[in-house]
Amino acid sequence: MPGATATLAASVLVLALGVTGCTATEPAPPAAGTDTRTVEGADGDVEVPADPQRIAVLWRPTLAAVTLLGHHPVATMGTPGAPDQGLTPFLPRDVEGGLMNLVTNSPAEDDVDIEALALAEPDLIIGVSTQVGAQDAIEAELSAIAPTVLLEWEGTGSWRTHLHDVAAVLGREAEAERADADYDAAVGEARAAIGEAGVDPDTEVSLVRLQSDTEIRLETAASFPGQVIGDLGLARPEGQVEPEGDTDFVPLSYENLDRGDGDVIFVLAGSGFPDAPDTFSDGIWSDLAAVRGGQVYRFDYDVWGAANLHAAHRIVEEATAALTGETEPAL
């Protein structure tokens with residue numbers, strides 16, 4: 001848990017050491033009698049089981065990668081109390097997020113319950129190393145439980161490379177290549193379907209995220225949904241090509257909603273804004289060309305912002321259904 005006291009941390013570490021049977025100054029070795037391999041993490045080489053059976057993941061895109069590569073983690077991050085614990089966008093469709101074992105109270109990088117993680121008895125932990133460095137700071141505690149590999153995450157642009165980083169840890173490089181090929185094939189089929197539906201190649205697709213009742217965000221080409229829309233070969237309005245500053249979106253007030261206009265608008269709203277409207281034909285929306293043309297569609301930002309291959313497939317399917325007339329406009 002974030003902000004844990006030194007006393008709690010010490011007692012948790014004792015528990016972790018009891019589970020793993022190692023000393024406080026040494027990382028937990030792979031289980032006796034198991035084959036091992038050396039992999040590279042953000043902080044150097046780590047000796048891990050060659051065929052791990054009880055994997056814990058401490059980043060939701062890592063959960064997506066691990067499940068895509070054929071593993072079912074024994075512990076993960078999520079949101080207790082949320083539908084499917086907030087994990088649906090990071091899981092295959094036949095896996096129930098509500099049944100996953102959470103070792104966190106939220107998806108936040110620094111929100112790791114060390115005691116619950118130790119009780120899960122993982123033989124491998126895969127975490128994340130970001131500019132925040134929250135998990136780097138507790139790497140010793142994590143490594144006392146099981147061999148721990150922290151993988152670099154450099155923002156939403158990492159969503160495809162992260163799959164291959166995880167595959168390298170698990171020795172599943174061939175599966176990652178197949179997953180990439182499956183996605184490329186799905187994109188190719190979608191582009192063909194969009195073309196056959198007579199969609200003009202120059203049609204500009206706007207991505208408008210409803211952040212709150214006072215703020216919208218235009219998702220640029222650098223954002224996760226922007227990258228997938230780019231894979232589909234769809235054009236973007238001029239104001240949504242380049243991000244502002246270090247973000248991959250452009251924040252605006254509703255007074256500037258006209259900057260979110262396009263030939264087609266995909267409105268994105270998620271669990272962070274539960275009161276977001278479902279339809280967009282009235283008020284300030286009525287002045288937009290896409291709304292007047294009946295080309296505005298609403299999608300779940302929890303999926304469209306999830307930055308993983310499971311979610312990318314969903315975006316491809318949903319965008320194609322909208323552009324080919326299979327989805328009703330949100331009017």
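Source: prediction; values computed, not measured.

Enquirer: Help me understand helix α10 (residues 309-323) in this model?
Expert: For an α-helix, 3.6 residues make a turn, and residues three or four places apart therefore share a direction. Here α10 contains 15 residues, and its C-alpha end-to-end distance of 21 Å stays within 8% of the 21 Å for a straight helix at 1.5 Å per residue. For α10, the set of buried residues is Leu309, His310, Ala311, Ala312, Ile315, Val316, Glu318, Ala319, Thr320, Ala321, Ala322 and Leu323. Backbone nitrogen of His310 and a side-chain oxygen of the N-cap are separated by 2.8 Å at the start of α10; the cap is Asn308. Directly beyond the C-terminal end of α10, a positive phi value near 85 degrees is found at Gly325.

Enquirer: Mind showing me how you'd approach the packing of aromatic side chains here?
Expert: Any two aromatic rings considered together are summarised by their centre-to-centre distance and by the angle between their planes. Applying the stated rule across the entire model yields eight aromatic pairs. For the ring pair Trp59 and Trp153, a centre distance of 5.9 Å and an interplane angle of 65 degrees mean the geometry is edge-to-face. Separated by 94 residues along the polypeptide, Trp59 in the loop between β3 (55-57) and α2 (60-68) and Trp153 in the loop between β5 (148-152) and α5 (159-170) bring together distant segments of the chain. Owing to a relative accessible area of 11%, Trp153 belongs among the buried residues under this scheme. Both rings, one in Phe266 and one in Tyr297, keep their centres 6.1 Å apart while their planes meet at 70 degrees; by these two values the pair is edge-to-face. Residue Phe266 is located in strand β9 (residues 264-269), and its partner Tyr297 is located in strand β10 (residues 296-300); the two are separated by 31 residues in the primary sequence. In this structure Tyr297 comes out as buried when scored by relative accessible area, which is 3%. Members of the aromatic cluster, connected to one another through ring pairs, are Phe266, Tyr297, Phe299 and Trp304. The cationic tip of Arg209 hangs over the ring face of Phe249; the distance from NZ or CZ to the ring centre is 5.3 Å.

Enquirer: What am I meant to see in the sheet that holds β3 here?
Expert: Strand pairing in a sheet takes place through backbone hydrogen bonds and is either antiparallel or parallel in direction. Spatial strand order, β3-β4-β5: three strands in an open sheet with parallel pairing. Each having just a single partner strand, β3 and β5 make up the two edges of the open sheet. The mean inter-strand angle of the sheet, taken between neighbouring strand axes irrespective of direction, is 25 degrees. Two elements, strand β4 (residues 124-129) and β5, share five bridges in a ladder whose sense is parallel. The partner of Val128 across the bridge, within β5, is Leu151. The sheet strands contacting α5 are β3, β4 and β5, and the helix crosses β5 at an angle near 160 degrees.

Conventions adopted
- Here the residue index of a chain counts from 1 through its sequence in written order.
- Since the coordinates come from a predicted model, pLDDT governs what is reported: local features require at least 70, and pairs of side-chain atoms require 80 or more to be given and counted, while whole-chain, interface and lining totals use all residues.
- Each side-chain value is derived from all of the structure's non-hydrogen atoms; neither hydrogens nor water enter the calculation.
- Strands are runs of DSSP state E lasting at least two residues, helices are runs of H or I lasting at least four, and both sets are numbered from the N terminus onward.
- Between the first and last residue of a helix there are one fewer steps than residues, each counted as 1.5 Å, and that sum is the expected span.
- A simple rule labels every residue: compare its accessible area, found with a 1.4 Å probe on the protein chains alone, to the largest value its type can have, and call it buried under 20%, exposed over 50%, or partly exposed in between.
- Each polar contact in these results corresponds to two N or O atoms within 3.5 Å; when the atoms are within protein, one needs to be able to donate a hydrogen and the other to accept it, and residues that are neighboring in sequence are counted only if both atoms are side-chain atoms.
- Stacked, tilted and edge-to-face are the three classes applied to pairs of Phe, Tyr and Trp rings, where Trp contributes its six-membered ring and a pair requires centres within 6.5 Å; stacked means planes under 30 degrees apart, edge-to-face means over 60, and tilted covers the rest.
- Lysine NZ or arginine CZ positioned within 6 Å of the ring centre and within 35 degrees of the ring normal marks a charge as sitting over the ring.
- One bridge is not enough; two strands pair if DSSP finds at least two bridges between them.
- The axes used here are C-alpha line fits, helices contributing only the stretch in contact, and every angle between their N-to-C directions lies in the interval 0 to 180 degrees.
- The contact rule is simple, with two residues in contact once any of their heavy atoms fall within 4.5 Å.

In short, the description is geometric, and any link to function would need to be established separately.
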